[in-house]
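Read off the chains here:
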Amino acid sequence: MAFTNWAGNQTCSPAEVRTPASADDVARAVRDAVAGGRRVRMAGTGHSFTGVALTDGILLRPEGLTGVRSWADGQVTVLAGTPLKTLNTLLDGRGLALANMGDITEQTVAGAIQTGTHGTGRDSGGLADQVTGLELVLADGSLVTAAPGEDLFDAARVGLGALGVLTAVTFRVEPAFLLHHRRRRLPLSRILDSLDALTAENEHLDFFWLPHTDACLVKTNNRHPGPPAPPNAFRHWLDAVFLENTLFGAACAVGARLPGLIPRINAVSAAALSDSEAVDTSYKIFTARREVRFLETEYAIPRERLGQALRETRDLIDRMGWQISFPVEVRVTPPSDAWLSTAYGRPSAYVACHIYRETPNPAYFEGVEEIMTRLGGRPHWGKLHTKDAAYLSGVYPRFADFTALRDRLDPDRLFGNAYLDRVLGQVSPR
């Protein structure tokens, strides 16, 4: 049975597919892989654009590893295949919430933290920074746990599945809270002059620049004491369903057939942007619908270099004459202590560039990548990039520690694949 990711740009045909329902089932699959001379990977829901989840051996699907294992003081332990959207609902039912999250909730908890899913936050980091415990099966079939203060914990939180197969994740949670969400149209030129202020004044900042225009859709989220004031049903449908998905998808399709119209289409889209605000449950504010399929590259850069990165990206698009229909997204996070987190050791800004799936433009991504790497950028592990271990070892201070731990835990590269061979620089003997 072939596995294909959400974007349709990565596929594999594993020798065998299993759906484990327990950690014991995962351990059995690992031992069987060793005995059969095969490799083994667990795939999530396929929301990575890279080949991080692919295997030609035993592919583990996560559907049987879902649900909450335990609730404790300020913590919840969930099985690794639990989708984030399910976790949000379960937490809300108990009056709890994650402090921060990304805008896509289809991913499994394990897949999201293993690739460094991050969201945006001035003070609160990505999902891996909210993890307080891990359970995983190692290459020898043993089941181990990792806790703060241990090397395995700091390595495996964003571990790319290279150290073992996650079977459960413990998150730090807090009482449910409301967010005041504001959407504003602001010119990019003004944002570039006020990046520090925008970041300092808002707990969560996320903005989208429409290429070929000076228009940005700026989204800010800040905690609010209440009462709730959710958007009315029509306004929610208009913004989240019709404008951001149905109409946008139609515009992308027209642009794919008639690329010369893209600048004009973007200008019309910019004119349609309008201000709005709401106060609602945090996870409802953090998350968004993404129905238009795309390809994406994203780099984390030192936050102080964000203005330069955006100016150079804008100038690159203008200079090359590319017709880019998708907006460029910008987010920020505080430093992380997970070894392979893209935010490790520094306040970070993220620049994400997208292209409509039907009209890939590798030159666009290559040009953006040249800018970001020149600024010390780290590519998102789950999004398209060309970097290898020679580059990555220079931008991750704990890279050598990670690969040394991998040498000890998986010397035969049971959990390896072609993507890990490239980014970790340790070719599998299998």
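In this text the structure is predicted, and so the values were computed from the model without any measurement.

What am I meant to see in the overall build of the chain here?
When helices and strands are tallied, the chain shows 14 helices and 20 strands. Here the C-alpha radius of gyration of the chain, 21 Å, is about what a compact globule of 430 residues would show, namely 22 Å. Along the first, second and third principal axes, the C-alpha atoms of the chain reach 60 × 50 × 40 Å. The proportion of buried residues among the 430 residues of the chain is 59%.

I tried to follow the pattern of salt bridges on my own but got confused; where do I start?
Opposite charge on two side chains makes pairing possible when the charged atoms of those side chains draw close. According to the stated counting rule, one finds 26 salt bridges in the structure shown. For Arg-289, the salt bridge goes to Glu-291, with nearest N and O atoms at 2.3 Å. For Glu-291, a relative accessible area of 41% translates into the label partly exposed. Arg-374 serves as the salt-bridge partner of Glu-312, at 2.7 Å between the closest nitrogen and oxygen. In this pair, Glu-312 is assigned in helix α10 (residues 306–320) and Arg-374 in helix α11 (residues 362–374), connecting sequence segments 62 residues apart. What makes Glu-312 partly exposed here is its relative accessible area of 21%. Look at Arg-374 and you get partly exposed, because its relative accessible area is 42%. One connected set of salt bridges, linked through shared partners, spans Glu-296, Glu-298, Glu-329, Arg-331 and Lys-383.

Just to check I follow, could you spell out the sheet that holds strand β5 (residues 58–60) for this structure?
Sheet strands associate in pairs through backbone hydrogen bonding, adopting either a parallel or an antiparallel arrangement. Strand order in the open sheet formed by 3 strands is β3-β5-β4, with parallel pairing between adjacent strands. Edge strands, defined here as strands with exactly one partner in the open sheet, are β3 (16–18) and β4 (40–42). With strand direction ignored, the average angle separating the axes of adjacent strands in the sheet is 20 degrees. Relative to β5, β3 runs parallel, the two sharing 3 bridges. Across the sheet, residue Glu-16 finds its bridge partner in β5, namely Ile-58.

So what exactly am I meant to see when it comes to the nonpolar core here?
Nonpolar side chains tend to gather and get buried jointly when the protein is soluble and globular. Leu-134, Phe-171 and Trp-381 are the most contacted members of the largest nonpolar core, which has 56 residues in total. Discounting chain neighbours no more than four positions away, the residues touching Trp-381 are Thr-50, Thr-115, Val-158, Leu-160, Leu-340, Leu-392, Tyr-396, Tyr-419 and Val-423. Counting residues in hydrophobic clusters, the runner-up holds 43 residues, among them Ile-191, Cys-216, Val-330 and Val-332.

How should I be thinking about the side chain of Ser-336 in this particular structure?
Within the fold, Ser-336 resides in the loop between β18 (328–333) and β19 (348–356). Among the polar contacts made by the side chain of Ser-336, one reaches the main-chain amide nitrogen of Ala-338 at a distance of 3.1 Å. With sequence-adjacent residues up to four places away left out, Ser-336 is seen in contact with Asp-129, Ser-341, Ala-343, Tyr-344 and Gly-345.

Even after reading the chapter, I still don't get the packing of aromatic side chains, so can you show me in this structure?
For any two aromatic rings, the description comes down to two numbers: the centre-to-centre distance and the angle of the planes. Under the counting rule described, the total for this entry stands at 8 aromatic pairs. Plain terms: the ring middles of Phe-49 and Phe-294 are 5.6 Å apart, the flat faces sit at 35 degrees to each other, and that makes the pair tilted. A residue pair is termed long-range when its members are at least 10 positions apart, and Phe-49 in the loop between β4 and β5 and Phe-294 in strand β17 (residues 294–302) qualify at 245 residues. Overall, the relative accessible area of 4% leaves Phe-49 in the buried class. A connected cluster of aromatic rings, assembled from ring pairs, spans Trp-6, Phe-49, Phe-248, Phe-294 and Phe-326.

What's the story with the sheet that holds strand β16 (residues 276–281) in this structure? I'm lost.
Spatial strand order, β16-β13-β15-β14-β18-β19-β17-β20: 8 strands in an open sheet with antiparallel pairing. Every other strand in the sheet has two partners, leaving β16 and β20 (378–379) as the edge strands with one partner each. Judged from the 4 bridges that link them, strand β14 (residues 204–209) and β18 form a sheet pairing that is antiparallel. Each residue of the ladder has a partner; that of Trp-209, found in β18, is Val-328. On top of the sheet, α11 reaches β17, β18 and β19; it is set at about 170 degrees to β19, its chief contact.

Which parts of the structure should I look at to understand empty space enclosed by the protein?
The gaps left among the atoms become clear once a water-sized probe is rolled over them. Taken as a whole and judged by the stated rule, the model has 2 cavities of 30 Å³ or more. In this structure, the largest cavity is lined by 15 residues; those nearest its centre are Gly-116, His-118, Gly-126, Asp-129 and Ser-341. Of the residues belonging to the lining of the largest cavity, the class tally is 6 nonpolar, 8 polar and 1 charged. Here the second largest cavity defines a volume of roughly 40 Å³. Around the second largest cavity sit Asn-88, Leu-91, Leu-96, Ala-97, Leu-98, Met-101, Ser-282 and Tyr-283, which together line it.

Can you walk me through the pairing of strand β6 (residues 68–72) in this structure?
Moving residue by residue along a regular strand, the side chains alternate between the two faces of the sheet. Two strands pair when backbone bridges link them, and β6 and strand β7 (residues 75–79) are joined in this way by 4 bridges, in the antiparallel orientation. Looking across to β7, one finds that Ala-72 is bridged to Gln-75. Hairpin connection between β6 and β7: a loop of 2 residues separates the two successive antiparallel strands, and Gly-74 in this loop has a positive phi of roughly 70 degrees.

I tried to follow the packing of α10 against α11 on my own but got confused; where do I start?
Working note: a packed helix pair is described by the angle between its axes plus the distance between those axes. Contact geometry of α10 with α11 gives a least axis separation of 10 Å together with a crossing angle of 150 degrees. Considering the angle they form, α10 stands roughly antiparallel to α11. Between α10 and α11 lies a crossing whose hand is right-handed. Across from Gln-308, Ala-309, Glu-312, Thr-313, Leu-316 and Ile-317 in α10, the residues of α11 making contact are Tyr-364, Gly-367, Val-368, Ile-371, Met-372 and Arg-374.

Can you help me understand the layout of surface pockets in this one?
Estimated volume of the second largest pocket: approximately 720 Å³. What lines the second largest pocket is a set of 36 residues, among which His-236, Lys-284, Ile-285, Thr-287 and Ala-288 lie closest to the centre. At the level of secondary structure, the elements contributing two or more residues to the lining of the second largest pocket comprise α2 (84–93), β13 (178–187), β14, β15 (215–224), α7 (233–257), β16 and α9 (282–286). Top element by residues in the lining of the second largest pocket is α7. It accounts for 5 residues. Looking at the lining of the second largest pocket residue by residue, the class counts come to 9 nonpolar, 13 polar and 14 charged.

Cut-offs and rules
- Residues numbered from 1 in each chain as written.
- Predicted model: local features only at pLDDT ≥ 70, side-chain atom pairs only at ≥ 80, totals over all residues.
- Heavy atoms only, no water.
- Helix = DSSP H or I, 4+ residues; strand = E, 2+ residues; numbered from the N terminus.
- Rg over C-alpha atoms; globule rule 2.2 N^0.38 Å.
- Buried < 20%, exposed > 50% of the residue type's maximum accessible area, 1.4 Å probe, protein only.
- Salt bridge = Lys/Arg side-chain N within 4 Å of Asp/Glu carboxyl O.
- Pairing = 2+ DSSP bridges.
- Axes fitted to C-alpha atoms, helices over the stretch in contact; angles between N-to-C directions.
- Core = buried A, V, L, I, M, F, W, Y, C linked by side-chain atoms within 4.5 Å.
- Contact = heavy atoms within 4.5 Å.
- Polar contact = N/O pair within 3.5 Å; in protein donor to acceptor, adjacent residues only side chain to side chain.
- Phe/Tyr/Trp six-rings, centres within 6.5 Å; stacked < 30°, edge-to-face > 60°.
- 1 Å grid on protein atoms, 1.4 Å probe; cavity = no way out; pocket = protein on both sides within 12 Å on 5 of 7 lines; lining within 4 Å.
- Points joined across faces, edges and corners; volume = space filled by probe spheres on them.
- Nonpolar A, V, L, I, M, F, W, Y, C, P; charged D, E, K, R; others polar.
- Parallel < 35°, antiparallel > 145°, perpendicular 65-115°, else oblique.
- Left-handed = near helix turned anticlockwise from the far one by under 90°.

Shape is all these values report; function is a separate question.
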